[in-house]
Amino acid sequence: MELFWLAVSTIAIGVFGCVAWFWGSNWVLDRIYPPRGPDAGDNIRKANQIRPWLFLGPAILFLGVYLVYPIFDSLWRSVHNARGTEFVGGSNYAWLMGDGKFRESMRNNLVWLLVVPALSTLFGLIAAQLTDRLKWGNIGKSLIFMPMAISFVGAGVIWKFIYEYREPGEAQIGLLNAIVQALGGGPQLWLTLIPWNNFFLMVVLVWIQTGFAMVILSAALRGIPEETIEAAILDGASPWQVFFRIKVPQIMGTIAVVWTTITIVVLKVFDIVFVMTNGQWGTQVLANLMYDWMFRGTPDYGRGSAIAIILMLLVTPIMIWNMLNVRREVR
Amino acid sequence: MEGMAGQKSSLVWAVNIAAFLLVLLWTIPTLGLLVSSFRDRDQILTSGWWQSFSAQEATGFVRTGTGDDAVQEDGLYVIEGTVLEEGQSLIGWGTRAREPAAFAPGDTTEIEDGWQLTVAADGTYRLTSPTPFEMRRGERIFVTTGAPARLTTENYNRVLTAEGLGRAFMNTLTVTIPATVIPILIAAFAAYALAWMEFPGRAILTAAVVGLLVVPLQVALIPLLRLHNDLGIGKGYLGIWLAHTGFGLPLAIYLLRNYMAGLPREVIESARVDGATEFQIFRKIILPLSFPALASFAIFQFLWVWNDLLVATVFLGNTREQLVMTGVLRELMGSKGGEWEILATSAFISIAVPLLVFFAMQKYLVRGLLAGSVKGG
C-alpha cells in the first residue's frame, strides 16, 4: 500500500513539477519582457529567443545527463583500470582483442546481425503480402504482431518450453522434440547443441520482430500506386513477378529502414541470451558479456566500458545515416 | 485480391492456407504457455500441452496389503484392495516395472508358489495363496491408469502468493506508471519547441535527438550507476524513474515532433495573430490535437518499461522485495527450471497486462510505429 502511495505521489510531484516549471518559467519570462507597453515588439522578440530554451530545458538536461554524458564517461572509463583509478591507455581494448569470449561474442553478434534482420524482414514481407487482402487479414496481422508486446524474458520462457527435452522414448513435453520424435528422430537438448543453439536463440528474436517488419512493410505495400501493378498484370506478369519485380523494388527504402531498425535491436540483444543460456555453450553476445564484466564477481568497469564502447561504435554508422536523413528532412 | 486480373482461385486458396499456417506458427508458442498455465502440475510433466484436453495416461505402482491383512476364505488366504484412486480408470496392469500394462483388467496371473493375482476393471485386486502370507511388505502391482484431463487455476493462486509474484506485480506497476507519464510531459514541450518555434540550432538539435535514439543502453549503465551513487539516489524507484525518463525521451520527442510538425500551420498562425501566448497555444491547441501521438508513445514506453529487465536489474536492486516481474521470472528460470507449472503461470501473468494493452490500443501502436520507425527498441 505504501508502494501505491509512493507511485501516486511521484506522479503527482512529477506532473506538478513539470507543469510548474513550464508555466512558471513562462510567467517569469512574460514579466521580464511584457508583450505590451512601449517596447512590446522588442520584448516579444527577446522573449521568443529565450522561450524555446525554456520549453527544451528539461529535455536537454535529461538527454545530456542520461545519454550524452554516459557516452563520454564510458569512453573515459574504457581507458582506465577496473576501478577507474589509473590510466591504462588502450590495454582494455588490447585485452579484448585477445580474449576468446570477446571473439566468440563478436562472431555471434555478427551471425545474429546477418540472420535476424534478414529473416524478420523476409517473414514480415511474406506476412504483409499474404494477409493484406484477406478477409481475416487484420486478425491474422494482430496475431503475428502480438509477440511485440511480450517481454524478451517472457519470450525466453515460451521458447524454452518449446525446446524442453525428455529422454528418448519418454513422452516429450517440448513441442519441437515431440515433433522430432513423432517423425522418428531422436530428441535433442537444443540449447546446448553447439553451434546450432545460436540459431535456436535467434528464432526467438525473429518471432518477436517479424510483426514489426510486417506492420511497416504492409503500409508500404499499400502505398504502391495501383497503376504500376495493373500495368504489369496487363503485360502478362505472373503474381510472383508482380511481387518481386514490381512491388519489392518500390518499397526498397522501407525495407532498408526496417532492416536497420532491427539491426539496432539485434546489436543490443541481451535478455534472450541472458535468460535462456546466459552465454554458455558458445552463445555469448556482446551485451551479455558486458553485463558479466560489470556485475558478476569483481566488477571490472574498465573492460565493461570498453565492450560498451565497441557496441556504441557498431551502431554509429546507422546513427549517422539516420541523422543525415533527418537533417535533409528538416531543411 | 479481387482487383487483380487473371486471378486463379487456386492461388486464393494457397494464399489463405499459407497465411493461416504462418499465423498458426506465430500463435502456437504463446498458446502452449497459456494452456500449460492452467494444467495440473503432474500432467504438465508427463504429457505435452497439446494433449491437455484428452485423458492423461500415467503409470505407477501400488502395494498390496501384507500377511496381516489376509483373511481366510474356502481354505485360501486372500488379500483384497484397490489399485485406483478417485477419478482414475484402469488401462492395464502388470507385476514388473518394465511391463506396467502386461495384463488387461480382469486378467489373472500366477506370481509364485500358487499365488494368484487378479485385478478387475474397477481397480479391485484379489491376491490368493494356498499357504499363509509371510511377507512384511506388500507385493507391488504396476498399473497404467487413465485420468481425466485436469485444468485448474491452482497455479495462479500459488504463484501470486507463495512465489512473490503479487509483490513483483505491484513493483512493476510502481516502476511503469511514473516512468510512462513523466517523459510524455517533458517531451511534449520539447517537441513543440522543435516543431513550431524558430531558433538557431533547431535542425542540429533535431538531428541530435534522432542520433540519441540508437544509443545502446549498455553505454549508460556504469556511468549512471556511479552518478546515482554519487548523488545519493542509489538504487531505488527514484533512480529507475529518472533512468527510464532519460532513455525514453529521444523516441518521445521524435514521435511527437513528427506529429506536431504535421499539424495545420494556419491554426497555429491564427492563434498567434489573435495574441495567444506560446504556452496557451501549446496547452489549448497542440496538446489536444496531438492526442494520437501522445497515446502512441505512452503505449511504447509502457510496453518497454514493463518488459524491461536490464534497467530494472541495474537500477533497482535484486532483493526479493525489489524485483520486478521480469526479474522474478528470470530468477524462477534459474531456480525452478523444471517446474513448468510455475514458470508458465508466472510468465503468463507477466505478459498478460502488455497483451491487454496491446490488443486494446493496437491502432495507436501501429500509428506510432509508422511515424517513428527509426527507433530501435
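Being a predicted model, the structure only gives us computed values, none of them experimental. (Residues numbered from 1 in each chain as written. Chains lettered and ligands numbered in written order. Predicted model: local features only at pLDDT ≥ 70, side-chain atom pairs only at ≥ 80, totals over all residues. Heavy atoms only, no water.)

Participant: Help me get a handle on the packing of aromatic side chains, residues and values and all.
Facilitator: Under the counting rule described, the total for this entry stands at 34 aromatic pairs over all chains. Each ring, one from Phe291 of chain B and one from Tyr364 of chain B, has its centre 6.0 Å from the other, and the planes form 85°; the classification is edge-to-face. Taken together, the positions of Phe291 of chain B in helix α10 (residues 291-307) and Tyr364 of chain B in helix α14 (residues 362-371) put the pair 73 residues apart, joining distant regions of the chain. The structure contains a cluster of three or more aromatic residues connected by ring pairs, namely Phe22 and Phe55 of chain A together with Phe189, Tyr192, Phe279 and Phe282 of chain B. Over the ring of Trp293 of chain A we find Arg303 of chain A; its NZ or CZ atom is 5.2 Å from the centre of that ring. (Phe/Tyr/Trp six-rings, centres within 6.5 Å; stacked < 30°, edge-to-face > 60°. Helix = DSSP H or I, 4+ residues; strand = E, 2+ residues; numbered from the N terminus. Lys NZ or Arg CZ within 6 Å of the ring centre and 35° of its normal.)

Participant: Now, about the pattern of salt bridges: what can you tell me, with residues and values included?
Facilitator: Inspection of every chain in the model, using the stated rule, returns 14 salt bridges over all chains. We note a salt bridge from Glu269 of chain B to Arg272 of chain B, for which the minimum N-O separation is 3.8 Å. With a gap of three residues between them, Glu269 of chain B and Arg272 of chain B both fall in helix α8 (residues 265-273), about one helical turn apart. Put simply, Asp42, Arg45 and Lys46 of chain A are held in one network by salt bridges that share partners. (Salt bridge = Lys/Arg side-chain N within 4 Å of Asp/Glu carboxyl O.)

Participant: Before we move on, can you summarise the interface of chain A and chain B with the specific residues and values?
Facilitator: Listed as interface residues are 107 residues of chain A and, on the opposing side, 114 residues of chain B. Together, the buried faces of chain A and chain B total about 10,100 Å²; carbon and sulfur atoms form 80% of this surface. One can count seven residue pairs in polar contact (both at pLDDT 80 or more) joining chain A with chain B. In terms of residue count, the dominant contributor to the side of chain A that touches chain B is helix α2 (residues 40-78) of chain A (20 residues). For the side of chain A that touches chain B, the class distribution of residues is 76 nonpolar, 18 polar and 13 charged. (Contact = heavy atoms within 4.5 Å. Buried area = accessible area lost by both parts, 1.4 Å probe. Polar contact = N/O pair within 3.5 Å; in protein donor to acceptor, adjacent residues only side chain to side chain. Nonpolar A, V, L, I, M, F, W, Y, C, P; charged D, E, K, R; others polar.)

Participant: Quick one: what's the story with the nonpolar core, residue by residue and with numbers?
Facilitator: If you look at the biggest cluster of nonpolar residues, it comprises 196 residues, and the most contacted ones within it are Trp112 of chain A together with Met260 and Phe315 of chain B. Here this core gets 18 residues from one element, more than from any other, and that element is helix α4 (residues 165-196) of chain B. Residues within four places of Phe315 of chain B in sequence aside, it is in contact with Leu221, Leu224, Leu225, His228, Lys235, Gly236, Ile240, Ala243 and Phe247 of chain B. Residues Val83, Trp115, Val119 and Met135 of chain B belong to the second largest nonpolar core, which totals 15 residues. (Core = buried A, V, L, I, M, F, W, Y, C linked by side-chain atoms within 4.5 Å. Buried < 20%, exposed > 50% of the residue type's maximum accessible area, 1.4 Å probe, protein only.)

Structural measurements only, silent on function.
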